[in-house]
Amino acid sequence: MSETLENLSSETRQFPPPADLAANANVKADAYEEAAADRLAFWAKQAERLAWAKPWDQILDWSNPPFAKWFVGGELNIAYNCVDRHVEAGNGDKVAIHWEGEPGDTRTVTYSDLLKLVSQAANTLTDLGVTAGDRVMIYMPMIPEAAVAMLACARIGATHSVVFGGFSVDALATRIDDADAKVVITADGGYRRGKPSALKPTVDEAVARTGRIEHVLVVRRTGQEVEWTDKDKWWHETVEQASPTHEAQAFDSEHPLFILYTSGTTGKPKGILHTTGGYLTQTSYTHHAVFDLKADTDVYWCTADIGWVTGHSYIVYGPLSNGATQVMYEGTPDTPDRGRFWQIVDKYKVSILYTAPTLIRTMMKWGDDIPAKYDLSSLRVLGSVGEPINPEAWIWYREHVGRERTPIVDTWWQTETGAIMISPLPGVTAAKPGSAMTALPGIGADVIDDQAQSVPNGGGGFLVLTEPWPSMLRTIWGDDQRFIDTYWSRFDGYYFAGDGAKKDADGALWLLGRVDDVMLVSGHNISTTEVESALVSHPSVAEAAVVGATDPTTGQAIVAFTIPRGNVDTAGDAGEALIKDLRNHVAKTLGPIAKPRQIMLVAELPKTRSGKIMRRLLRDVAENRSLGDVTTLQDSTVMDLISSGLKTAKPED
Ligand code: ATP
Ligand code: MG
């Protein structure tokens, strides 16, 4: 018998695109047919949206799988594509970045400003001895210089590795060592939760520990006091004094662009290597297609941090290659108050918003009345990325943010895929709440069972990618064997993503969470996502995480950790009653097999610094084990709270 995942939930709601958006969409239904007829020709056409210094000889070399080469022999400069060519086209005065600091200070960066800054930074890095192929670490707050630093590296062919500004000395030092970097670009600090938060001391310690770093370039953002070493140079004394002209040299299509470590939800992060031509082709095309970006009128805002792949592909490379005007925000969503995001949308008339389910669920928890206070009528496309979005969170997003008008694109992809792979197209797809729907034109995806057979509609199993794609990872930095073992060895000829998925009755794709998290209850493989979504569909619940814990009778039993919505009373008997109600609600929604053995009401869930739920830690708690790797955990006190609560809670019948 082949092993598959249960398909327990069903969803009948569907939202077709607004007529005017459909009529004027950048990409229409014919793109699927065009790509199906000739996939490589389709990608070659998308590559032509970029400026190449030398045309390629071959679209794809897949003669040595899983090591792909795209646009072989072609040459281009990424920074030229993201900056110079827009200025040359007469758009130098166009705003590239509306930057909003957390304290409310602002900056407007035009494409001409960006060209000057990137050229100056490229000249400075060159003066510091950085040459093509060298690695540069970037450890920065969300300020325009972070994007400038990335583009300056790309411009001179240096490989950047951005480390999220909230990571510890240890995390930074291990990444510096793994990437063998020689320069760090950082800042004194950045503003978070209403006060300056230092970055430089972490860099100082990491640099002292690794001994590899020759220079540290420091942006002055907060003005807070910093220690100074002979490796340190102020950005304003070097970059801002450097020559504002720099001639961009073209690099090979397969030249390394960046190494980015995965966010560490499932374990130790992996250094994912991306290269030049294919990566820019797919980030640029998907940004144009999935968000329907109209460069002349849209104001785009992606709320991710630049330290994650979403920030790389959909703040820097995708939007800038398309000449977009975007908002960049430094701080947290609740500073100075919980309306900050909606105030920013209102202020800049944001028309495309790209955020994460964790934020949407947090906003649900905070209450509908907050977004209701703002004018959000400028919004026309909403996006989601990072985790499965529960149908109720999707509906909340559409109602309270999109005001029942805007399409929502639920975009599935990974650090490894580099760009969006599975998503609705906002002018084409009648989207179902909670479904990423279908593979984009030119992308091959399937759901298979453990015998590598495609599951029929209505079935669940393993999500795989069936064809190489332009922005695919090229390897794990320094470890080709781990690259092969991790992604290409489970199913012959397919890339295995690590995620479970199902096809509904119409063949639409639903992501079901990590296969490592799947629960085996009385012989049924049950996905965490379906049980969590059933819990979130209860009006009292904002967020939920479920795990399978060893159980003497059922093998594993479902243990749920649930965050109630803000206005819900959970004291004493009310809490007991709610738990009972929730268990019955899940049983009614998904069937008795999915009824949780135990539900805990909690105030917070353990999340990675990118906001994803870390179920493996909850499993450790539910099974009374000591915790696994917690270095990517956002707030370590959360686990103490949850474990102490769990010990006093009694299991139910
Ligand atoms: P690590 O690989 O180190 O455990 P990670 O997988 O969390 O970390 P990322 O590359 O940032 O690191 O996340 C990619 C994963 O996020 C996907 O494999 C998937 O599990 C999840 N994901 C992203 N977007 C979606 C989405 N739209 N729907 C469902 N899941 C998503
Ligand atoms: Mg992963």
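- An unreviewed UniProt entry annotates the protein as Acetyl-coenzyme A synthetase of Actinoplanes italicus.
- Here the protein is described in UniProt, under the heading Cofactor (unreviewed entry), as follows: "Mg(2+)".
- Per its UniProt entry, the protein bears the Catalytic activity (unreviewed entry) comment "acetate + ATP + CoA = acetyl-CoA + AMP + diphosphate".

### What to know about the pattern of salt bridges
At step 1: The full count for this structure, using the stated rule, is 34 salt bridges.
At step 2: Residue E34 pairs with K45 through a salt bridge whose shortest N-O separation is 2.9 Å. Remark: K45 occurs in helix α3 (residues 39–47) and E34 occurs in helix α2 (residues 30–37); sequence separation between them is eleven residues.
At step 3: When its relative accessible area of 31% is taken as the criterion, E34 is described as partly exposed.
At step 4: The closest approach of N and O atoms between E100 and R340, which form a salt bridge, is 2.9 Å. Here E100, found in strand β4 (residues 95–100), pairs with R340, found in helix α12 (residues 340–348); they are 240 residues apart in sequence, far enough to count as distant. As far as the burial class goes, E100 and R340 line up, both buried.
At step 5: Ionic contacts of the salt-bridge type, sharing partners, join the residues R135, D177, D180 and R212 into one network.

### Some words on the site of ligand 1
At step 1: Surveying the vicinity of ligand 1 reveals 21 residues, the closest of which are T262, T265, T266, T415 and R514.
At step 2: Take T411: an N or O atom from its main chain is 2.8 Å from a nitrogen atom of ligand 1.
At step 3: For ligand 1, an oxygen atom lies 2.6 Å from a polar atom in the side chain of T415.
At step 4: Within the complex, the protein chains bury 94% of what would otherwise be the 640 Å² of accessible surface of ligand 1.
At step 5: When the residues that make up the shell around ligand 1 are grouped by side-chain class, the tally is five nonpolar, nine polar and seven charged.

### Overview of the pairing of strand β24 (residues 495–503)
At step 1: With eight of nine residues buried, β24 lies mostly within the body of the structure.
At step 2: Pairing of strand β22 (residues 460–465) with β24, which is carried by five bridges, proceeds in the antiparallel orientation. Bridge pairing links G461 to A501 in β24.
At step 3: Across four bridges, the pairing between β24 and strand β25 (residues 509–514) is antiparallel. Note that in β25 the partner of K502 across the bridge is W510.
At step 4: In textbook terms, the turn of a hairpin is the stretch between consecutive antiparallel strands, and for β24 and β25 this stretch comprises five residues, one of which, G507, has a positive phi near 90 degrees.

### Things to note about the domain arrangement of the protein
At step 1: Along its sequence, the protein is organised into domain 1 (19–431 + 444–502) and domain 2 (522–649).
At step 2: Its C-alpha centre places domain 1 at a distance of 31 Å from the equivalent point of domain 2.
At step 3: In total, domain 1 and domain 2 occlude about 2,100 Å² of area from one another, counting both sides; carbon and sulfur atoms represent 52% of this.
At step 4: Among the residues domain 1 hides against domain 2, the three largest losses belong to T265, R361 and K365. Together they make up 27% of the total.
At step 5: On the surface where domain 1 and domain 2 come into contact, there are three salt bridges.
At step 6: One salt bridge in this structure joins E530 and K502, with 2.6 Å as the shortest N-O distance.
At step 7: If you look at where domain 1 meets domain 2, you find eleven residue pairs in polar contact (both at pLDDT 80 or more).
At step 8: Mapped by element, the contributors of at least two residues to the side of domain 1 that touches domain 2 are α13 (357–366) and α15 (391–401).
At step 9: Among the elements that make up the side of domain 1 that touches domain 2, the one with the highest residue count is α13 (four residues).
At step 10: The residue inventory of the side of domain 1 that touches domain 2, partitioned by class, reads eight nonpolar, nine polar and seven charged.

### Overview of the environment of N624
At step 1: Mapping N624 onto the fold places it in the loop between α19 (615–622) and α20 (637–648).
At step 2: In this structure the C-alpha to C-alpha distance between N624 and G555, which are 69 residues apart in sequence, comes to 16 Å.

### Here's the deal with the layout of surface pockets
At step 1: One number sums up the size of the second largest pocket: a volume of about 430 Å³.
At step 2: Taken together, 28 residues form the lining of the second largest pocket, with S9, S10, E11, P391 and W510 sitting closest to its centre.
At step 3: For the lining of the second largest pocket, the elements supplying multiple residues, two or more each, are α15, β25, α17 (528–536) and α18 (572–590).
At step 4: Per-element accounting of the lining of the second largest pocket gives the leading share, four residues, to α17.
At step 5: The class makeup of the residues in the lining of the second largest pocket is ten nonpolar, ten polar and eight charged.
At step 6: Formed jointly, the lining of the second largest pocket draws a minimum of three residues from each of two domains, domain 1 (19–431 + 444–502) and domain 2 (522–649).

### Concerning the UniProt feature "domain: AMP-binding enzyme C-terminal" (unreviewed entry) in the protein
At step 1: Here the UniProt-annotated "domain: AMP-binding enzyme C-terminal" (unreviewed entry) positions come out as residues 530–612.
At step 2: A distance of 16 Å separates the end C-alpha atoms of residues 530–612, which is 31% helix and 30% strand.

### Things to note about the sheet that holds β24
At step 1: Ordered by their spatial adjacency, four strands build an open sheet running β21-β22-β24-β25, and the pairing between neighbours is antiparallel. Here the strands that pair on one side only, and so sit at the sheet edges, are β21 (445–448) and β25. Strand after strand, the sheet turns through a mean of 45 degrees between neighbouring axes, direction not considered.
At step 2: Pairing between β21 and β22: four bridges, direction antiparallel. From the neighbouring strand, D446 faces β22, where its bridge partner is V464.

### Overview of a negative patch on the surface
At step 1: A grouping of D368, D369, E399 and E404 is seen on the molecular surface, where their side chains present a negatively charged patch.
At step 2: Within the secondary structure layout, D368 lies in the loop between α13 and α14 (369–372).

### What to know about the side chain of T562
At step 1: Along the chain, T562 turns up in strand β29 (residues 555–564).
At step 2: Here T562 falls in the buried class, since its relative accessible area comes to 0%.

### Notes on the sheet that holds strand β16 (residues 299–302)
At step 1: Here seven strands make up an open sheet; going across it, the order is β5-β4-β17-β16-β18-β19-β20 and the pairing mixed. The open sheet has two edge strands, β5 (106–110) and β20 (408–410), and neither has a second partner. The mean angle between the axes of side-by-side strands here comes to 20 degrees, regardless of whether they run parallel or antiparallel.
At step 2: Summarising the sheet, strand β18 (residues 352–355) and strand β19 (residues 381–384) pair through four bridges and their orientation is parallel. Each bridged residue has a counterpart across the sheet, and for L353 the counterpart in β19 is L382.

### Some thoughts on unusual backbone geometry
At step 1: Residue P66 follows P65 across a cis peptide bond; omega there is 5 degrees.
At step 2: One can find P66 in the loop between β1 (58–64) and β2 (67–72).
At step 3: Put simply, T335 and P336 share a cis peptide bond, and its omega is 0 degrees.
At step 4: Locating P336 in the fold gives a position in the loop between β17 (325–329) and α12.
At step 5: Although it is not a glycine, K349 adopts a positive phi angle of roughly 55 degrees.
At step 6: Structurally, K349 can be placed in the loop between α12 and β18.
At step 7: In this structure K349 comes out as partly exposed when scored by relative accessible area, which is 42%.
At step 8: In this structure, M437 is a non-glycine residue whose phi angle is positive, near 70 degrees.

Parameters and conventions
- Residues numbered from 1 in each chain as written.
- Chains lettered and ligands numbered in written order.
- Predicted model: local features only at pLDDT ≥ 70, side-chain atom pairs only at ≥ 80, totals over all residues.
- Heavy atoms only, no water.
- UniProt positions renumbered as here; feature names shortened; annotations may be inferred.
- Salt bridge = Lys/Arg side-chain N within 4 Å of Asp/Glu carboxyl O.
- Helix = DSSP H or I, 4+ residues; strand = E, 2+ residues; numbered from the N terminus.
- Buried < 20%, exposed > 50% of the residue type's maximum accessible area, 1.4 Å probe, protein only.
- Near = heavy atom within 4 Å.
- Polar contact = N/O pair within 3.5 Å; in protein donor to acceptor, adjacent residues only side chain to side chain.
- Areas by Shrake-Rupley, 256 points an atom, 1.4 Å probe, with all protein chains shown as cover.
- Nonpolar A, V, L, I, M, F, W, Y, C, P; charged D, E, K, R; others polar.
- Pairing = 2+ DSSP bridges.
- Domains from an automatic or database assignment.
- Buried area = accessible area lost by both parts, 1.4 Å probe.
- 1 Å grid on protein atoms, 1.4 Å probe; cavity = no way out; pocket = protein on both sides within 12 Å on 5 of 7 lines; lining within 4 Å.
- Points joined across faces, edges and corners; volume = space filled by probe spheres on them.
- Axes fitted to C-alpha atoms, helices over the stretch in contact; angles between N-to-C directions.
- Patch = residues over 30% accessible without salt bridge, like charges linked within 9 Å, V, L, I, M, F, W, Y side chains within 5 Å.
- Lys, Arg positive; Asp, Glu negative; His and termini not counted.
- Charge placed at Lys NZ, Arg CZ, Asp CG, Glu CD.

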